[in-house]
Amino acid sequence: MTANGLLQICGYLGVLLALAKPLGRYMAAVYEGRSATVRVLASVERFIYRITGIDPEAEMRWTGYASAFLVFNLLGVLAVYALQRCQGFLPLNPQGLPAVAPDSAFNTAISFATNTNWQGYGGETTLSHLTQMLGLTVQNFVSAASGMAVLVALIRGFVRRNADTLGNFWVDLTRSILHILLPLSFLLALLLIGQGVVQTFEPYRNVTLVEATGYDRPKQDDGGHPLVDADGNPVTGHVTVSEQTLALGPAASQVAIKQLGTNGGGFFSVNSAHPFENPTPFSNFLEMLAILVISGALCHTFGVMVGDTRQGWVILAAMTLIFVPLLFVTVLCEQGGNPAFAALGVDPAGGNMEGKETRFGIVNSALWATATTAASNGSVNAMHDSFTPLGGLVPMWLMQLGEVVFGGVGSGLYGMLVFAIVAVFVAGLMIGRTPEYLGKKIEAYEMKMAAIVILVPPLMVLGGTAVAVMLDAGKSSVFNPGAHGFSEILYAFSSAGNNNGSAFAGLAANTPFYNLMLGLAMWFSRYWLAVPVLAIAGALAAKNYVPPGAGTLPTHTPMFVGLLVGVVIIVGALTFIPALALGPIVEHLMMIGAR
Amino acid sequence: MIHQTAKPGLFDREILAEALLNSFRKLAPRTQLKNPVMFVVYVGSLLTTVLYVQSLIGQGEAPSGFILAITFWLWFTVLFANFAEAVAEGRAKAQAASLRSAKRDVMAKKLDEPRYGANYSKVPGSSLRRGDVVLIEAGDFVPADGEVIEGVASVNESAITGESAPVIRESGGDFSAVTGGTRVLSDWLVVRITVNPGEAFLDRMIAMVEGAKRQKTPNEIALTILLVALTLIFLMATVTLLPFSIYSVETAGEGRPIMVTVLVALLVCLIPTTIGGLLSAIGVAGIGRMMRKNVIATSGRAVEAAGDVDVLLLDKTGTITLGNRQASAFLPLQGIGRQELADAAQLASLADETPEGRSVVVLAKQKYGLRERDVRTLGATFVHFSAQTRMSGVNLEGRQIRKGAADAIRVYVEEQDGSFPEEVQKLVHDVARRGSTPLVVAENGRVLGVIELKDIVKGGIKERFVELRRMGIKTVMITGDNPLTAAAIAAEAGVDDFLAEATPEAKLKLIRSYQAEGRLVAMTGDGTNDAPALAQADVAVAMNTGTQAAKEAGNMVDLDSNPTKLIEIVETGKQMLMTRGALTTFSIANDVAKYFAIIPAAFATTYPALNALNVMGLATPASAILSAVIYNALIIVALIPLALRGVSYKPVGASALLRNNLLIYGVGGLVVPFIGIKLIDLLLVALDLV
């Protein structure tokens, strides 16, 4: 790796971690209702509560909180579905795009409500501006805010003693949007527009190319089958291209929240590899930073709210310790390139540039790939399908770890806290004491709920992949033969089953089969995790606080960081090694010529 | 007797033989269902057995020899787990049996009316119910646990406590409980039976080690949930391998899909069989270890809770200090010789047969060479202690010597027109502040000085408290003394806190306040007035010498009646949890090596490139899979001693403890199977078995 590359990585991590403290503290103040913005915007909040008929003082039990969360998200799904199906009759559709197919609309609705943002469609060719803005952008905000609300409820579970309520979902949701996501998005959108990200309602524009280009297109018969000559070679005809359609739209506003809210659904089909979505190295830096900044800072929010900031730093340290080594694996694998090309005389110093944008290069593409899969973002600035086998394994595995390394806003930390509960449980037993975390005893009920949280994503990923590889409907979408094709399916389900939304490409996923399967995977892994987490929160809140003593396992030490990292890695490794062995691992071994 | 017979070695031959038989009895599906992890192995074994039969009669998926070998070792895995449990049960039962043998069935004299001298009929002891009243005369065995309602007698309780000196049992007060199986040596007792047959402590304890009635403790339940979750994860990981493998064969165009036998082998190797197989053995062994320490626990929950204790309440008298105060110094007033005071004090105490009085005589003799004078030759008349005067003393040859509490002597001196100088007040105060009891001595209306009676803190008790502190347990001394005295003794004994002028209500309040803070409270007690506090405490150890009420209120009974036994109880509780935690960690860490053994072997025909993962260099795919399965079965047997003995506990603080155990069982768990599987593979090849 070059010094320049190292410098970029250090700069990125430095800014990310430096922002954790101020932003984290601010968010804690927001949720505790004592930030300056809460005071200043109190009338706005009151107005929102009045027109929606919400009593902001009403405390909710965990069941009430979960119901509000579920109902709200379900309404979101229905709204996005309806918008897509009716967009043909609705305004702000300059291209006159027709209604989206039911299976694709179903998939997209769930995808955006669950903060997954898996995109089976191509944005600029499928969705009207209205659908993008009123459907997707709104969901980008509220799905992220929903995750943050669930996290806040869990934190209150740790903080409160002998209590039966966790706060008010509507208030937490409103504050997440009004005081955190909206201002940050506005700021980021402005910065991005400054870098040249488009923001317009104008129709797509046709431009004449500076230099006409051409290519050979295979000819087809009337039935759509490729024509072949006598030797069996395809018959082609030359096509000259002198004009191009430039897709435009209100991209900057959506890009800002897609990054900040770990949504990842791009305005354009190729996401942040598109020059109108991510034009410069600086816009690239800002967008990468936005992926992890809230998830990282929430760790400090957690620390502040539980009254011991060390507890938050420990979690952030654990996340960083998993993130950084895996980042280096990706960078080094991509930099190393493919030995098969080297054998053909290609200079290996160039690394593996297939599927990467030259304006970003290897380090920034690898960094983005690692960050976007560590967090449940899923936006891309390079095509992961074209990564080397191990370079592609890292993003896939980061998702399979359960999206707890930074993870989605809110959801990443609550997932990590569930892992912390499991780590504390095993460690507690090893020191001969009923395990406690932050003064709350971890007992059978919490373990049961934690078990569900840990079980559901692998079930979606492995189960979904198993079904797909057994059915023709699943197999026929695979473009690449061999182990790589298997990786493509596994990647798709890893992405949906962990609410990431990142796509490997190489898989035609906009089919009824995949739209349905992946839609269900996204649905289950979002709500079958959030609801048990709220159940844990409710159980913890009801417990008394156990003051720490000499026999208590300290959870603010480097050893606990190691333990937490160990549990996440071991569970992730043991669950997915067999599947990974048949995909990227064997692909890598074959690439390097092992036999 | 417990202390002589019931210490079976770790692997007593008789217990092993019985356990071997029981390992097969436990193959009944209903028994297996209780342990979800091992039930998966059980089902897997059945499945491979069917596959073996299929390979014999028709087209098998693999050479029948290979399937047979796998099947064979899978069944062994189940049997080894059964064996571990059976050994633990056998040992605990042997322990209990030796306790039970103390409870021979004797003929009881059941009284028609609850009074001495009423008519009685002879009935078998086992037919007695709660509330029956029996007469027990010299030479009779006590037929069942009960409470003395009339009479005083000396009782030999060595069958239970191992202590050969007889103890006095009498009606009323703290010495009214009698235990079944002990023997009345002299006099008679009328006893009301307090337990129904089968409800005695011993019966409850025996039920706890017998599989059918054994209840899982809270942590055991939580751990089982975690193990089930892990098992489900591995079930998903292996079951989905079949379609993955079929697809891989299709797309790679070579090899054949993974065999079901191999999938079952992989599954069994991955699921936490080590901890799953030993889990119940650990629990039973924990109760057994308690019994070896002569502690009878009435619930496994209490044993487990002992490991969590934060606060320990201890009675001062008899626990922290010796039962009696002893004279430690003579403090004369100015102008009075120490010798003179010692002489007067000794004379006043010659007829005082209380331990305190004896200690005054002994101190005078040891320190001032005053020989004990013969009471009769002195021609003295003794004034015995009375509740009215609260003094005792002696009258001889015109001398009136009195000793007593300061206020009592003040009244006495002032009656004699003497003065009670300020200096005495000061001495009395100083003594009290040191935690001792002052006795003022006066002669003919003149105060001579003060005797300091000291509470003697038991030897070695301070070190035990230091140990408790290192375990993270706060010690609180309970005493009826005034706060000044209590503070001094608390400081000398090294307890963290004390409750002075304690009443039963104050004790109960203290326990509740600790519990409200979220702390877990342990308490030892023996008196009836301890019963409410014992009932409130989370871990309550009743002394066997205590009253029936105290024993009923506690959830453990210490047969040795040794209050510092709680330290060992806490250790045993912690060991139980630690052993579970350590073996869970070990079990999971083992999986890494097993993957390296099985994954390359399972896909050898489809993706030969995966052989790069065969880092152990195992000979053939068949030997690799078989070695992993054999290792997985043998490690259960290898760890049985650890499960029974428990992971050793040292009070070194939570962090150090965790680091040590992570190193041993975590890192060890990563390394050991690599070596073990490789060795088994070498052996299989050397013996030409694969």
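Residues numbered from 1 in each chain as written. Chains lettered and ligands numbered in written order. Predicted model: local features only at pLDDT ≥ 70, side-chain atom pairs only at ≥ 80, totals over all residues. Heavy atoms only, no water.

- For chain A, the name recorded in an unreviewed UniProt entry is Potassium-transporting ATPase potassium-binding subunit, with Methylococcus capsulatus as its organism.
- Among the UniProt annotations of chain A, the heading Function (unreviewed entry) holds the following wording: "Part of the high-affinity ATP-driven potassium transport (or Kdp) system, which catalyzes the hydrolysis of ATP coupled with the electrogenic transport of potassium into the cytoplasm. This subunit binds the extracellular potassium ions and delivers the ions to the membrane domain of KdpB through an intramembrane tunnel."
- As stated in UniProt under Subunit (unreviewed entry), the record for chain A gives "The system is composed of three essential subunits: KdpA, KdpB and KdpC." (UniProt positions renumbered as here; feature names shortened; annotations may be inferred.)

### Here we look at the overall build of chain A
Part 1 of the argument: Counting secondary structure elements, chain A contains 20 helices and 4 strands.
Part 2 of the argument: What you see for chain A is a C-alpha radius of gyration of 24 Å, in line with the 25 Å of a compact globule of 595 residues.
Part 3 of the argument: Its C-alpha atoms give chain A principal-axis dimensions of about 85 × 60 × 45 Å.
Part 4 of the argument: Within chain A, residue pairs in contact and separated by at least 24 positions form 80% of the contacts whose partners lie at least 6 positions apart.
Part 5 of the argument: In the structure as shown, chain A presents an accessible area of about 20,700 Å², 65% of it carried by carbon and sulfur atoms.
Part 6 of the argument: When the 27 positive and 32 negative side-chain charges of chain A are each reduced to one mean point, those points stand 16 Å apart. (Helix = DSSP H or I, 4+ residues; strand = E, 2+ residues; numbered from the N terminus. Rg over C-alpha atoms; globule rule 2.2 N^0.38 Å. Contact = heavy atoms within 4.5 Å. Areas by Shrake-Rupley, 256 points an atom, 1.4 Å probe, with all protein chains shown as cover. Lys, Arg positive; Asp, Glu negative; His and termini not counted. Charge placed at Lys NZ, Arg CZ, Asp CG, Glu CD.)

### Focus on the overall build of chain B
Part 1 of the argument: Looking only at helices and strands, one finds 25 helices and 22 strands in chain B.
Part 2 of the argument: For 690 residues, the compact-globule formula gives about 26 Å, and the C-alpha radius of gyration of chain B, at 34 Å, lies well above that figure.
Part 3 of the argument: Reported as C-alpha extents along the three principal axes, the dimensions of chain B are approximately 120 × 60 × 45 Å.
Part 4 of the argument: For chain B, with 690 residues in total, the buried portion stands at 57%.
Part 5 of the argument: Taking as baseline every contact in chain B between residues at least 6 positions apart, the subset at least 24 positions apart corresponds to 69%.
Part 6 of the argument: Of the roughly 27,000 Å² of accessible surface on chain B, 57% is carried by carbon and sulfur atoms.
Part 7 of the argument: Charged side chains in chain B number 67 positive and 68 negative. The centres of these two groups are separated by 3 Å. (Buried < 20%, exposed > 50% of the residue type's maximum accessible area, 1.4 Å probe, protein only.)

### Considerations on a nonpolar patch on the surface
Part 1 of the argument: A contiguous nonpolar surface patch, about 710 Å² in accessible area, is contributed by Leu663, Ile664, Val667, Leu670, Val671, Ile675, Leu679 and Leu682 of chain B.
Part 2 of the argument: Summarising the element assignment, Val667 of chain B is placed in helix α25 (residues 654-686). (Patch = residues over 30% accessible without salt bridge, like charges linked within 9 Å, V, L, I, M, F, W, Y side chains within 5 Å. Salt bridge = Lys/Arg side-chain N within 4 Å of Asp/Glu carboxyl O.)

### A closer look at the packing of helix α18 (residues 482-497) of chain A against helix α20 (residues 558-591) of chain A
Residue and element names in this part refer to chain A.
Part 1 of the argument: Where α18 meets α20, the axes come as close as 8 Å, and the angle between the chain directions of the two elements is 125°. Between α18 and α20, the crossing angle belongs to the class labelled oblique. The handedness of the crossing between α18 and α20 comes out as left-handed. When α18 is examined against α20, the residues Ala483, His484, Phe486, Ser487 and Leu490 are found in contact with a partner set consisting of Ala579, Leu580, Leu582, Gly583, Pro584, Val586 and Glu587.
Part 2 of the argument: Here the residues of the contact of α18 with α20 sort into 8 nonpolar, 3 polar and 1 charged. (Axes fitted to C-alpha atoms, helices over the stretch in contact; angles between N-to-C directions. Parallel < 35°, antiparallel > 145°, perpendicular 65-115°, else oblique. Left-handed = near helix turned anticlockwise from the far one by under 90°. Nonpolar A, V, L, I, M, F, W, Y, C, P; charged D, E, K, R; others polar.)

### Focus: the confidence of the model for chain B
Part 1 of the argument: In this model, chain B carries a mean pLDDT of 84, and residues with pLDDT of at least 70 account for 91%.
Part 2 of the argument: Among the prediction metrics, the complex's ipTM stands at 0.90, with pTM recorded as 0.85. (pLDDT = per-residue confidence, 0-100.)

### With respect to the sheet that holds strand β6 (residues 167-170) of chain B
Part 1 of the argument: Spatially, the 3 strands line up as an open sheet ordered β6-β5-β8 (chain B), and their pairing is antiparallel. Edge strands, defined here as strands with exactly one partner in the open sheet, are β6 and β8 (183-184) of chain B. (Pairing = 2+ DSSP bridges.)

### Regarding the domain arrangement of chain A
Part 1 of the argument: As assigned here, chain A comprises domain 1 (205-246) and domain 2 (408-592).
Part 2 of the argument: Just the C-alpha atoms count here: the centres of domain 1 of chain A and domain 2 of chain A sit 45 Å apart. (Domains from an automatic or database assignment.)

### Remarks on the nonpolar core
Part 1 of the argument: Core analysis: the biggest nonpolar cluster contains 322 residues, and Ile294, Ile315, Phe323, Met416 and Tyr437 of chain A together with Met556 of chain B have the highest contact counts within it.
Part 2 of the argument: Among the elements that line this core, the one with the most residues is α20 of chain A, at 18 residues.
Part 3 of the argument: If we skip the residues at most four places from it in the chain, Ile294 of chain A touches Leu23, Met27, Met148, Ile180, Leu181, Leu184, Leu260 and Val409 of chain A. (Core = buried A, V, L, I, M, F, W, Y, C linked by side-chain atoms within 4.5 Å.)

### Focus: the interface of chain A and chain B
Part 1 of the argument: Listed by partner, the interface residues are 62 residues for chain A and 60 residues for chain B.
Part 2 of the argument: For the pair chain A and chain B, the two sides together bury roughly 5,100 Å², of which 75% comes from carbon and sulfur.
Part 3 of the argument: Three residues, Met430, Leu574 and Leu582 of chain A, lead the burial of chain A against chain B; their summed loss comes to 15% of the area buried on that side.
Part 4 of the argument: The interface formed by chain A and chain B holds 2 salt bridges in total.
Part 5 of the argument: The closest approach of N and O atoms between Lys475 of chain A and Glu250 of chain B, which form a salt bridge, is 3.1 Å.
Part 6 of the argument: Where chain A meets chain B, there are 10 residue pairs in polar contact (both at pLDDT 80 or more). (Buried area = accessible area lost by both parts, 1.4 Å probe. Polar contact = N/O pair within 3.5 Å; in protein donor to acceptor, adjacent residues only side chain to side chain.)

### Some points on the sheet that holds strand β10 (residues 295-297) of chain B
All names here are of chain B.
Part 1 of the argument: What the 7 strands build is an open sheet, ordered β10-β22-β21-β20-β11-β18-β19; its pairing is mixed. Only two strands of the sheet have a single neighbouring strand rather than two, namely β10 and β19 (497-499). Going from strand to strand, the sheet's axes swing by 20° on average, the running direction of each strand aside.
Part 2 of the argument: Both strand β18 (residues 474-478) and β19 contribute to a ladder of 3 bridges, which runs parallel. By the bridge assignment, Val476 is partnered in β19 with Asp497.

### Concerning the side chain of Ser376 of chain A
Residue and element names in this part refer to chain A.
Part 1 of the argument: Mapped onto the elements, Ser376 comes out in the loop between α13 (361-374) and α14 (389-400).
Part 2 of the argument: You can call Ser376 buried: its relative accessible area is 1%.
Part 3 of the argument: Of the polar contacts made by the side chain of Ser376, one reaches the backbone oxygen of Asn499; its length is 3.4 Å.

### Remarks on helix α1 (residues 3-31) of chain A
Part 1 of the argument: Its 29 residues place the ends of α1 of chain A 41 Å apart at the C-alpha level, agreeing with the 42 Å of an ideal helix rising 1.5 Å per residue.
Part 2 of the argument: One or two residues past the end of α1 of chain A sits Gly33 of chain A, with phi positive at roughly 70°. (Expected span 1.5 Å × (residues − 1).)

### A word on unusual backbone geometry
Part 1 of the argument: Although it is not a glycine, Asn499 of chain A sits at a positive phi angle of roughly 55°.
Part 2 of the argument: On the secondary structure map, Asn499 of chain A appears in the loop between α18 and α19 (512-542).
Part 3 of the argument: Its identity as a non-glycine residue notwithstanding, Glu501 of chain B has a phi of 45°, on the positive side.
Part 4 of the argument: Position of Glu501 of chain B relative to the elements: it lies in the loop between β19 and α20 (504-516).
Part 5 of the argument: Judged by its relative accessible area of 48%, Glu501 of chain B is partly exposed.

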